[in-house]
Amino acid sequence: RRQRAAHEAAEKNVFPVVTANPLSRLTFGWLTPLIRLGFKRPLQQSDIWQLPPSDQAVNVASRFATQWQKAVDGGRRKPPLARTLARAFGVPFALAALPKLLNDGSQFVGPVLLQQLIGLAATAARLGSGPPPLGYVYAAVLFVAMLIGALGENQYFYFVMRTGMRVRSALTASIFEKALTISNSSLRQTSTGAIVNYMSSDAEKVAKTVDQLHLIWSNPLRIVVAIGLLFNVLGWATIAGVVTLILLIPIQGRLMMFAAKYRKAMLGETDKRISLVNDVLNGVRVIKFYAWENSFSNRVEEVRLEELRWLKKTAYVRAVNFLFFSIGPILVSVVSFLVYVAINGNLTAEIAFTSLSLFNVLRMPLISFPGVISALIDARVSLQRVEAFLHGDEQPERDAQAEQKMLLEASRADDDDDDDDHDHDGDGRKGKAAAAAVTFAVDDSGSSESSSGGDDDNDDDGD
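For the structure given in this document, a descriptive report is provided here. (Residues numbered from 1 in each chain as written. Predicted model: local features only at pLDDT ≥ 70, side-chain atom pairs only at ≥ 80, totals over all residues. Heavy atoms only, no water.)

### Some details on the nonpolar core
Phase 1 of the analysis: Formed by 28 residues in total, the largest nonpolar core has its most connected members in Leu81, Leu85, Phe89 and Leu171.
Phase 2 of the analysis: Counting residues per element, the ones that place at least two in this core are α4 (57–73), α5 (81–95), α7 (133–181), α9 (192–210) and α14 (349–390).
Phase 3 of the analysis: Not counting residues up to four positions away in its chain, the partners in contact with Leu85 are Phe64, Gly90, Val167, Leu171 and Leu383.
Phase 4 of the analysis: Core analysis: the second largest hydrophobic core is formed by 18 residues, Leu234, Ala237, Phe325 and Phe337 among them. (Core = buried A, V, L, I, M, F, W, Y, C linked by side-chain atoms within 4.5 Å. Buried < 20%, exposed > 50% of the residue type's maximum accessible area, 1.4 Å probe, protein only. Helix = DSSP H or I, 4+ residues; strand = E, 2+ residues; numbered from the N terminus. Contact = heavy atoms within 4.5 Å.)

Structure (structure tokens):
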């Protein structure tokens, strides 16, 4: 009865997306019971479902470790971290491209149908007739396109955020495992604060960048399609807007290079601060005993102020970069309209509203693109830091049988030397006793290796 009750409780706590039907997955209907329960009362920890096996940290870390080991067995002593992550979690991430493409395509249905609707309304007003039946068809198509775009966008974010969660879990587990096996020589090149920063800040930065990786191809595609449709509406006046857009790119690229430089310097100061705080906490008794609180507090404050100085520089550069990308679409539309009026002399409502709609579509990728590039630069820096740590040397594994054999051979060699200088019978008994003692000592150290691993490692380094 207890086993049956436990099994029913476990089944009740299973992640519902595993058993949900396709419609429920598409519309996220499987979340409705949890939302309804949260509306009635505050949610408890027991109300939250367990993760499916594919998302649990132990399985995610095992999948990443398998791909890492394959790369090592394939002849790569230092496997590239980004490629290993792609092989471990690339399939669900690649599948997110389809809903993303549907969402991007639906963004252009509105401006195209808007032009047709305004043209039908203008024709009906000129002829004095009622609304044409084709207008209802355009409105229905517009509704369906927006619905498909919304569903595609939600599915896209579900796939990429789930992949980002897996990447973060894999990196955190790998860094923690490496910290337990890293050699003393490699450990001297880093610090406890840096390792903590790898597991928290760097892993989180890489996971958040996964959410934006598809924008690398999506944003340029949307920009090209929007410019093509604008050329169909405005003609050669679009070229003026494109030239204005191109002139802004070098300025923004230079700003992003400064942001990457400042970000790297800030992370170095963050490592120093975390390491210093850990040292202070570990030696807090000595600090309190000698009344060194003010001295160490000032040291921590100095490092923190230096970190904030680089953080402010990074924030200023990003703010200026965001300013350029915010005014960019507005500046492009103003220049395009001015040139169009100068060439044609007449700006109709059909052309104006359609162009503004396309400029609005163009505005989003232009605004988000600097954030994507900045996130990629930050993720690249974080990947390099984590990769360098994972490539560090590890402690050699102890071979108890080999050590026992070596010690026995050494004891036999001592017996032979003693036989040449002393009496064979007496010293032979001493040699046998020494060999038995060495054997017992090695067996005893092998049986207690798990409880004194740190001391054994230090002995190995000393030998």
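We are not done yet, so read on.
### Side note on the layout of surface pockets
Phase 1 of the analysis: Approximately 520 Å³ is the volume attributed to the largest pocket.
Phase 2 of the analysis: Lining the largest pocket are 19 residues; nearest its centre among them are Trp68, Gln69, Lys178, Leu390 and Glu394.
Phase 3 of the analysis: A total of six residues in the lining of the largest pocket trace back to one element, the largest contributor, which is α4. (1 Å grid on protein atoms, 1.4 Å probe; cavity = no way out; pocket = protein on both sides within 12 Å on 5 of 7 lines; lining within 4 Å. Points joined across faces, edges and corners; volume = space filled by probe spheres on them.)

### Some remarks on unusual backbone geometry
Phase 1 of the analysis: Positive phi values are uncommon outside glycine, yet Phe28 reaches one of about 60 degrees.
Phase 2 of the analysis: Within the secondary structure, Phe28 is located in the loop between α2 (22–27) and α3 (32–40).
Phase 3 of the analysis: Within the chain, Ala291 stands out as a residue other than glycine whose phi angle is a positive 55 degrees.

### Things to note about the packing of helix α6 (residues 97–127) against helix α10 (residues 215–234)
Phase 1 of the analysis: Orientation of α6 relative to α10, taken along the N-to-C sense of each, is 15 degrees, at an axis distance of 11 Å. For the element pair α6 / α10, the angle class is roughly parallel. Both α6 and α10 take part in a crossing whose hand is right-handed. For the pair α6 and α10, contact is made by Ala97, Lys100, Leu101, Asp104, Gln107, Phe108, Val112 and Gln115 and by Leu215, Trp217, Ser218, Leu221, Arg222, Val225, Ala226, Leu229 and Val233, respectively. (Axes fitted to C-alpha atoms, helices over the stretch in contact; angles between N-to-C directions. Parallel < 35°, antiparallel > 145°, perpendicular 65-115°, else oblique. Left-handed = near helix turned anticlockwise from the far one by under 90°.)

### Digging into a nonpolar patch on the surface
Phase 1 of the analysis: A contiguous nonpolar patch, built from Leu98, Leu102, Phe143, Val144, Leu147 and Ile148 and spanning about 580 Å² of accessible area, is present on the exposed surface.
Phase 2 of the analysis: Those elements that provide at least two residues to the nonpolar patch are α6 and α7.
Phase 3 of the analysis: Ranked by the residues each element gives to the nonpolar patch, the list is headed by α7, at four residues.
Phase 4 of the analysis: With respect to the helices, strands and loops of the structure, Leu102 is situated in helix α6. (Patch = residues over 30% accessible without salt bridge, like charges linked within 9 Å, V, L, I, M, F, W, Y side chains within 5 Å. Areas by Shrake-Rupley, 256 points an atom, 1.4 Å probe, with all protein chains shown as cover. Salt bridge = Lys/Arg side-chain N within 4 Å of Asp/Glu carboxyl O.)

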